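# Structural description and commentary
Below, each chain spelled out in residue letters.
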Amino acid sequence: MTLADPMEKLSVRLRTGTRMDHDAAQGSGFLDRLAAGELPRQAYADLATQHWFIYETLEQAAAVMATDSVAGSFVFPELTRLPALTDDLETLLGPGPQLTPLPATTEYCARLRAVAFDHPWGFVAHHYTRYLGDLSGGQYLGPAIAKAYALNGAGHRFFVFEGVSPPAFRTRYRELLDQAAFAPDDEQKFLAEVTEAYRLNIAVLRELKERWA
Ligand code: HEM
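Starting afresh in each chain, residues are numbered from 1 along the sequence in its written order. With the structure being a predicted model, the display of local features is reserved for residues of pLDDT at least 70 and the display and counting of side-chain atom pairs for 80 or more, all residues being used for whole-chain, interface and lining totals. With hydrogens and water excluded, all non-hydrogen atoms of the structure serve as input to the side-chain values.

- Under an unreviewed UniProt entry, the name given to the protein chain is Putative heme oxygenase, and the organism recorded is Actinoplanes friuliensis DSM 7358.

## Focus: the UniProt feature "binding site: heme b" (unreviewed entry) in the protein chain
- UniProt positions are given in the numbering used here, feature names are shortened, and annotations may be inferred rather than shown by experiment. In the numbering used here, UniProt assigns the "binding site: heme b" (unreviewed entry) feature to Arg 15, His 22, Tyr 128 and Arg 174.
- Structurally, Arg 15 is set in helix 1 (residues 10-17).
- The exposure class assigned to Arg 15 is partly exposed, which follows from its relative accessible area of 44%. The helix and strand labels rest on DSSP assignments: H or I over at least four residues marks a helix, E over at least two residues marks a strand, and numbering proceeds from the N terminus. Working definition: with a 1.4 Å probe on protein chains only, accessible area under 20% of the residue-type maximum means buried, over 50% means exposed, and in between means partly exposed.

## A closer look at the site of the ligand
- Around the ligand there are 18 residues in total, and Arg 15, His 22, Tyr 128, Ser 136 and Arg 174 lie nearest to it.
- For this analysis, a polar contact is any N or O atom pair within 3.5 Å, provided that within protein one partner can donate a hydrogen and the other can accept it, and provided that sequence-adjacent residues contribute only side-chain to side-chain pairs. Contacts to the ligand include His 22, whose side-chain N or O atom sits 2.9 Å from a nitrogen atom.
- A distance of 2.5 Å is found between an oxygen atom of the ligand and a side-chain nitrogen or oxygen belonging to Tyr 128.
- Elements represented by at least two residues in the shell around the ligand include exactly helix 2 (19-26), helix 3 (30-35), helix 7 (120-134) and helix 10 (184-211).
- Per-element tally for the shell around the ligand: the top contributor is helix 7, with 5 residues.
- Gly falls in the polar group here, along with every residue not listed as nonpolar (Ala, Val, Leu, Ile, Met, Phe, Trp, Tyr, Cys, Pro) or charged (Asp, Glu, Lys, Arg). Considered class by class, the residues forming the shell around the ligand number 7 nonpolar, 7 polar and 4 charged. Throughout, near means a residue has at least one heavy atom within 4 Å of the molecule or strand.

## Let's talk about the coordination of the iron atom of the ligand
- With water excluded from the atoms, a metal site may look incomplete; its donors are any N, O or S atoms within 2.8 Å, or within 3.2 Å for Na, K and Ca. Donor atoms from the protein around the iron atom of the ligand number only one, His 22 (NE2), found at 2.1 Å.
- Among the structural elements, His 22 can be located in helix 2.

## Focus on the pattern of salt bridges
- What counts as a salt bridge is simple: a side-chain nitrogen of Lys or Arg found within 4 Å of a carboxyl oxygen of Asp or Glu. Taken as a whole and assessed by the stated rule, the structure comprises 10 salt bridges.
- For Glu 107, the salt bridge identified is with Arg 199, shortest N-O distance 2.9 Å. Placement of the pair is Glu 107 in helix 6 (residues 103-115) and Arg 199 in helix 10, with a sequence separation of 92 residues.
- Look at Glu 107 and you get partly exposed, because its relative accessible area is 38%.
- Exposure remark for Arg 199: the relative accessible area of 38% places this residue in the partly exposed category.
- The residue Lys 189 makes a salt bridge to Asp 186 at a minimum N-O spacing of 3.7 Å. Remark: Asp 186 and Lys 189 occur in helix 10; sequence separation between them is 3 residues, near one turn of the helix.
- The class of Asp 186 is partly exposed, set by a relative accessible area of 21%.
- Residues joined by salt bridges that share partners form a network here, namely Glu 107, Glu 196 and Arg 199.

This is how it looks when you write it as structure tokens:
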């Protein structure tokens, strides 16, 4: 995280303050190679598998936090990804395979359990990093992967948010961030946790890159 003007809105400080973290995630290499179709289809199935574990935990946190006065406003049923991921994995791997998380995925899920189930700052930090990313870069990545691996409809539902307009949703989400009633200390914890969420995502992408190099 880099320093940002404290007078700016939270959504702006967040985006400015984590730009380098985002660029490191974007530049980690694995996603670019997938989008270019340079890796086997199993590598994409492996990414979907890691996502399955991460979203299973994040969406369990969403169910718990739905009634929280701060975190609850970020819980949107239409964002839920686990059914789409389950469906994608069935297309990619066939029914009922044994799914195994990478060590970095296990660490990511442990962090979610530590901070996203009872701290609004922790939940919103992890929610933002995944879903706003999916509704931003994910909207370029999904069609590129579908094309590269000849997926026609099935196998890339993770990237398709039925009934959601990504640009309108991103605008609404930033407004919610700017209205979020974090305690002053919690706002700092939130910003630091977004950097941590990027680090955890980068670690998963690094392990995937090593496995499929
Ligand atoms: C190939 C990889 C990636 C590409 C091409 C990409 C691209 C983008 C683009 C174009 C935006 C919109 C920026 C804007 O509105 O000006 C964005 C935003 C975002 N991305 Fe990525 N991204 C990638 C990877 C990631 C990863 C791995 C994560 C984290 C898991 C992530 C999280 C985010 C978030 C949270 C935002 C919203 C930033 C904000 O407006 O507050 N991205 N990305």
